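# Geometric and topological summary
So the chains spell out like this:
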Amino acid sequence: MAVRLGKPHFRVTETTDGELFIFIHPDDGDELLFFQNLTYFCLREGISYEDARMFAVFLNANITHIAEAVPE
């Protein structure tokens, strides 16, 4: 089985009613199936924008790639 790698980028986004979440999208045009879906982390109620932003910064600094197994 082959493995494809994609570099994710994490950013804070807010719903119309003020709920914060961290959205994951490809950093450099990677074409993983993972990125074809809208994927995000739901954050705890009441988290501040600054805490959410710091979490996204941490993820961007520490998650280098997403690996996706692809049948050959």
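Structure: see above.
The structure presented is a predicted model; accordingly, all values stated were derived computationally and were not measured. (Residues numbered from 1 in each chain as written. Predicted model: local features only at pLDDT ≥ 70, side-chain atom pairs only at ≥ 80, totals over all residues. Heavy atoms only, no water.)

### Quick look at the sheet that holds strand S3 (residues 20-26)
Read across the open sheet, the three strands follow the order S2-S3-S4; overall the sheet is antiparallel. For this open sheet the edge positions go to strand S2 (8-14) and strand S4 (39-42), each flanked by a neighbour on one side alone. Averaged over all pairs of adjacent strands, the angle between strand axes in this sheet comes to 30°, irrespective of strand direction. Looking at chain direction, S3 and S4 are connected through four bridges and run antiparallel. Pairing of Phe 21 across the sheet is with Cys 42, part of S4. Across the sheet, helix H1 (residues 49-62) touches S2, S3 and S4, and the angle it forms with S2 is around 170°. (Pairing = 2+ DSSP bridges. Helix = DSSP H or I, 4+ residues; strand = E, 2+ residues; numbered from the N terminus. Axes fitted to C-alpha atoms, helices over the stretch in contact; angles between N-to-C directions. Contact = heavy atoms within 4.5 Å.)

### Notes on the pattern of salt bridges
The final tally for this structure, using the stated rule, is two salt bridges. Residues Arg 4 and Glu 68 are paired through a salt bridge, measuring 3.3 Å at the closest nitrogen-oxygen approach. In this pair, Arg 4 sits in strand S1 (residues 2-6) while Glu 68 sits in strand S5 (residues 66-70), placing the two residues 64 residues apart along the sequence. For Glu 50, the salt bridge is made with Arg 53, and the minimal N-O distance between the two is 2.7 Å. One end of the pair is Glu 50 and the other is Arg 53, both in helix H1 and three residues apart, which spans about a single turn. (Salt bridge = Lys/Arg side-chain N within 4 Å of Asp/Glu carboxyl O.)

### What about a negative patch on the surface?
Side chains of Glu 14, Asp 17, Glu 19 and Glu 45 sit close together on the surface and give a patch of like negative charge. When you line up the elements, Glu 45 lands in the loop between S4 and H1. For Glu 45, a relative accessible area of 80% corresponds to the exposed category. (Patch = residues over 30% accessible without salt bridge, like charges linked within 9 Å, V, L, I, M, F, W, Y side chains within 5 Å. Areas by Shrake-Rupley, 256 points an atom, 1.4 Å probe, with all protein chains shown as cover. Lys, Arg positive; Asp, Glu negative; His and termini not counted. Charge placed at Lys NZ, Arg CZ, Asp CG, Glu CD. Buried < 20%, exposed > 50% of the residue type's maximum accessible area, 1.4 Å probe, protein only.)

### Description of the nonpolar core
It is characteristic of soluble globular proteins that their nonpolar side chains tend to be buried jointly. Core analysis: the largest hydrophobic core is formed by 13 residues, its most contacted members being Phe 10, Val 12, Leu 20, Ile 22, Leu 43 and Ala 52. Contributing elements (two or more residues each) for this core: S2, S3 and H1. When residues no more than four places from it in sequence are discounted, the contact partners of Val 12 are Leu 20, Phe 21, Ile 22, Tyr 49, Ala 52, Arg 53 and Ala 56. (Core = buried A, V, L, I, M, F, W, Y, C linked by side-chain atoms within 4.5 Å.)

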